[in-house]
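A look at the structure
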Amino acid sequence: MDQNVIDSSQWVDRYGNMLYRFTLLRVKDDEQSEEIVQNTFLAALQAKDKFAGLSTEKTWLFGILKHKIMDHFRRIKKTKTFDLEPDDDRDPCQSEFDGKGHWQALPISWGINPQKATENQELARFLATCMDKLSDKYRRLFVLREIEGMRSEEICAELDITPSNLWVMLHRTRNQLKKCLETHLFEKKTNG
Amino acid sequence: MADSFREKLRDSVLNFFASTCKDTTQLVSEEMDHRISITKQWKIKFHLAICEFCRHYKEQMETLRNLAGYLNKEGSKIGNENQLKSSAKERMKKLLDDKEK
C-alpha cells in the first residue's frame, strides 16, 4: 500500500490502539483518552485535504494527537490551577533529612546503571505504575517534562507557572517516584 | 596575622561551597530542568565529590529520566495490554463513516 495515501476507513483498526495507549500514558483517564483519540480522528478527517504526504499517515495522526493532548492540558488549566499551593503534597523525602539537612535514611545504590536503565522493562513497568499514584497535577507535569521532554520554559508558559514553583513541584514528583520505585525494588529483592 | 587571614579565607571558601544533602538534592533536581549558575554547579560538584549518598541520589534521578524516556518510545511494550474498547472502536468507525459521506 502507498504509505502516503489517506484511507480513513482503516484508521480505527490500524491506529486506534496505538493512539489510545499513547494518550492513556499521558492522560491516565480512560474515558478522556478515548475522547481525545476520537477527536483526533475527526480533526484528521476534516484536515484530510491538507495532508501533504510529506510524512506517513501514522506520523501525521500522531502529530494531530499531540496537539489534542496539549489542548486537553490547557483546558484543565482553566478550571484548576497548576501552580504550587500551600496544601500541596509535601516533599516525600522531607523526613529523610535531619534538622541539619543530612540524610537520616541513607540512600542506597539501586545497582542499576542509569544508562542501561532502559533495558530494564520491569523497572519501566514499575515507573508506569508509580506514575499513576501521583496526584493529577504532578503526574501531568512529569509527563510534560520527562515523557514529552518539553523544556521547563515552555511548560511554564503553557500552564502559567513560575519557574521556581515548577522546579519545586518536579523535585517533589521525582522524590515521590524514587520512593515508589524503591518499594518495588525492595519487594523484588525480598521476594526473590 | 597572615595565618588568621588564611584561615578566614579557607573557612569562607569552604562555607561558600558547602551545602547540605537536602540542598544538594534540590540542586541536582533543578539542574535537570534548566541551566543553573556556575556557583550552584560547583556546589553540586563539591558536595558529590565527598558524599557517596548524594551520588546515589543523582544516579537514581538519571535512571528515572531514562526510564521515562523509554516509556515514550514507540517500541516499548509498556501498556500494550491497554486497548480501545470494541464499543468505542465501533462508535469511532461509525462517526468517521458518517462524516465521510
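Whatever comes next refers back to the structure up there.
The rules behind each value
Residues numbered from 1 in each chain as written. Chains lettered and ligands numbered in written order. Predicted model: local features only at pLDDT ≥ 70, side-chain atom pairs only at ≥ 80, totals over all residues. Heavy atoms only, no water. Helix = DSSP H or I, 4+ residues; strand = E, 2+ residues; numbered from the N terminus. Rg over C-alpha atoms; globule rule 2.2 N^0.38 Å. Buried < 20%, exposed > 50% of the residue type's maximum accessible area, 1.4 Å probe, protein only. Contact = heavy atoms within 4.5 Å. Areas by Shrake-Rupley, 256 points an atom, 1.4 Å probe, with all protein chains shown as cover. Phe/Tyr/Trp six-rings, centres within 6.5 Å; stacked < 30°, edge-to-face > 60°. Lys NZ or Arg CZ within 6 Å of the ring centre and 35° of its normal.

**Here we look at the overall build of chain B**
A tally of helices and strands in chain B yields five helices and zero strands. Written out in order from the N terminus, the α and β elements of chain B read α-α-α-α-α. In terms of overall dimensions, chain B is more spread out than a globule: its C-alpha atoms have a radius of gyration of 26 Å, far above the 13 Å expected for 101 residues. Projected onto its principal axes, the C-alpha positions of chain B cover 95 × 25 × 20 Å.

**Concerning the overall build of chain A**
The helix and strand inventory of chain A stands at seven helices and zero strands. When the elements of chain A are put in sequence order from the N terminus, they spell out α-α-α-α-α-α-α. Across its three principal axes, chain A shows a C-alpha extent of roughly 65 × 40 × 30 Å. Residue burial in chain A is summarised as follows: out of 192 residues, 49% are buried. Sequence-distant contacts, at least 24 apart, represent 73% of the contacts inside chain A between residues at least 6 apart. Per element, the accessible surface of chain A, about 9900 Å² overall, is 49% carbon and sulfur.

**Comments concerning unusual backbone geometry**
Glycine aside, a negative phi is what most residues show, and trans is what most peptide bonds show. All names here are of chain A. The phi dihedral of lysine 28 falls on the positive side, at around 75°, and the residue is not glycine. With respect to the helices and strands, lysine 28 occurs in the loop between helix H1 (11-27) and helix H2 (30-46). Note on lysine 28: relative accessible area 31%, which makes it partly exposed.

**Things to note about the packing of aromatic side chains**
Evaluated as defined, the whole model comprises five aromatic pairs over all chains. Within the aromatic cluster, the residues linked to one another by ring pairs are A:Trp11, A:Phe41 and A:Trp60. The ring of A:Phe22 is capped by A:Arg26, whose NZ or CZ atom sits 3.5 Å from the centre of that ring. Over the face of the ring belonging to B:Trp42 we find B:Lys45, whose NZ or CZ atom lies 4.8 Å from the ring centre.

**Description of the side chain of B:Asp33**
Mapped onto the fold, B:Asp33 is located in the loop between helix H2 (21-31) and helix H3 (38-50). Excluding anything up to four places from it in sequence, B:Asp33 contacts A:Arg145, A:Ser152, A:Trp167, A:Leu170, A:Arg174 and B:Arg65.

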